[in-house]
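Structural overview for review
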Amino acid sequence: MSSILIIYSTTDGHTKKICQRLCQLVEQQHQVTLISIDDDSNVDLESFDKIILGASIRYGKHHRKVYQFIKRNEQLLDSKPNAFFSVNVVARKPEKNQPETNPYLRKFLKQISWQPKELAVFAGKIDYKKYSFLDRHIIRLIMWITKGPTDPETVVEFTDWKQVEAFGQLISDM
Ligand SMILES: Cc1cc2nc3c(=O)[nH]c(=O)nc-3n(C[C@H](O)[C@H](O)[C@H](O)COP(=O)(O)O)c2cc1C
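Calculation notes
Residues numbered from 1 in each chain as written. Predicted model: local features only at pLDDT ≥ 70, side-chain atom pairs only at ≥ 80, totals over all residues. Heavy atoms only, no water. Helix = DSSP H or I, 4+ residues; strand = E, 2+ residues; numbered from the N terminus. Rg over C-alpha atoms; globule rule 2.2 N^0.38 Å. Phe/Tyr/Trp six-rings, centres within 6.5 Å; stacked < 30°, edge-to-face > 60°. Buried < 20%, exposed > 50% of the residue type's maximum accessible area, 1.4 Å probe, protein only. Lys NZ or Arg CZ within 6 Å of the ring centre and 35° of its normal. Pairing = 2+ DSSP bridges. Axes fitted to C-alpha atoms, helices over the stretch in contact; angles between N-to-C directions. Right-handed = clockwise from strand over helix to strand, strands pointing away.

1. Regarding the overall build of the protein
Looking only at helices and strands, the protein features five helices and seven strands. For the protein, the sequential pattern of α-helices and β-strands runs β-α-β-β-α-β-α-β-β-α-β-α. Rg of the C-alpha trace for the protein: 16 Å, near the compact-globule value of 16 Å for 174 residues, within the 12% margin. In terms of overall dimensions, the protein has a C-alpha envelope of 45 × 30 × 30 Å along the principal axes.

2. Looking at the packing of aromatic side chains
Under the definition given, this model contains seven aromatic pairs. Between Phe84 and Phe108, the aromatic rings sit 4.7 Å apart at their centres with planes inclined by 25°, giving stacked as the arrangement. Linking Phe84 in strand S4 (residues 82-88) with Phe108 in helix H3 (residues 103-111), this pair joins segments that are 24 residues apart in sequence. Of the two residues examined, Phe84 and Phe108, each falls in the buried class. Between Phe85 and Phe167 the ring centres are 5.7 Å apart and the planes differ by 75°, which places this aromatic pair in the edge-to-face class. Residue Phe85 is found in strand S4, and its partner Phe167 is found in helix H5 (residues 161-173); the two are separated by 82 residues along the sequence. No difference in accessibility class separates Phe85 from Phe167, as the two residues are buried. Here a set of aromatic residues connected by ring pairs shows up, and it is made of Tyr67, Phe84, Phe108 and Trp114. Here the guanidinium or amino end of Arg92 rests over the ring plane of Phe158, the centre of that ring lying 5.7 Å away.

3. As for the sheet that holds S4
Pairing within the open sheet is parallel, and its five strands lie in the order S2-S1-S3-S4-S5. Of all the strands in the sheet, the pair left with one neighbour each is strand S2 (31-36) and strand S5 (118-123). Strand-to-strand, the axes of this sheet are offset by a mean angle of 15°, without reference to chain direction. Pairing analysis gives six bridges linking S4 to S5, with the strands arranged parallel. Note on S5: the bridge partner recorded for Val87 is Phe122.

4. What to know about the pairing of strand S3 (residues 50-56)
Burial analysis of S3 places seven of its seven residues in the buried class, the great majority of the element. For strand S1 (residues 3-9) and S3, the ladder comprises six bridges, and the chain directions are parallel. The residue bridging Ile6 from the neighbouring strand is Ile52, located in S3. Bridge count for S3 against S4 is six bridges, and the pairing is parallel. Residue Ser56 lies in a different strand from S4, and its bridge partner there is Val87. The β-α-β motif built from S3, the intervening helix H2 (residues 64-78) and the parallel element S4 has right-handed crossover chirality.

Put into structure tokens, the structure is as follows:
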């Protein structure tokens, strides 16, 4: 049994939901702690055996706190089994749903010097009614261009939960 820390960066809660599912899967075999990236100073990162970081994309980027966290803790991350996953809606497309094919993950890895030992990409969620007027219209336009749903009532989770479960197994075993 090892102790696993899962840290998430989320805006609308979907990355947290994915992490909660990972926790359920992993806690059958390990001790698991889930925290927001906003609270990383409340835990002693050194005390965990494995560290998993998950973050969503907004307007093409992961949150700046993700970069800051990695910069601050790169050596520590490197010293343990670790993994990173990205959540974005481009990953709803089968040709863009793998670490090797997702453009945001590829770009992100070029921007940081940390090389996560394991990687994953999960398709996110659209919930237009939750967004501000401007965000709703911009995302609808992007969806129109990329042949996604544009009905302003749309609530859709593109996440492939089987893919999340497989990643849960992978972090259990690593
Ligand atoms: C304002 C806004 C901007 C977004 N920008 C992108 C984007 O540039 N590319 C993309 O693939 N998904 C984008 N998304 C989709 C999010 O990545 C998706 O909704 C994800 O599930 C959000 O996860 P979170 O709830 O953990 O923040 C955007 C969503 C919103 C609301």
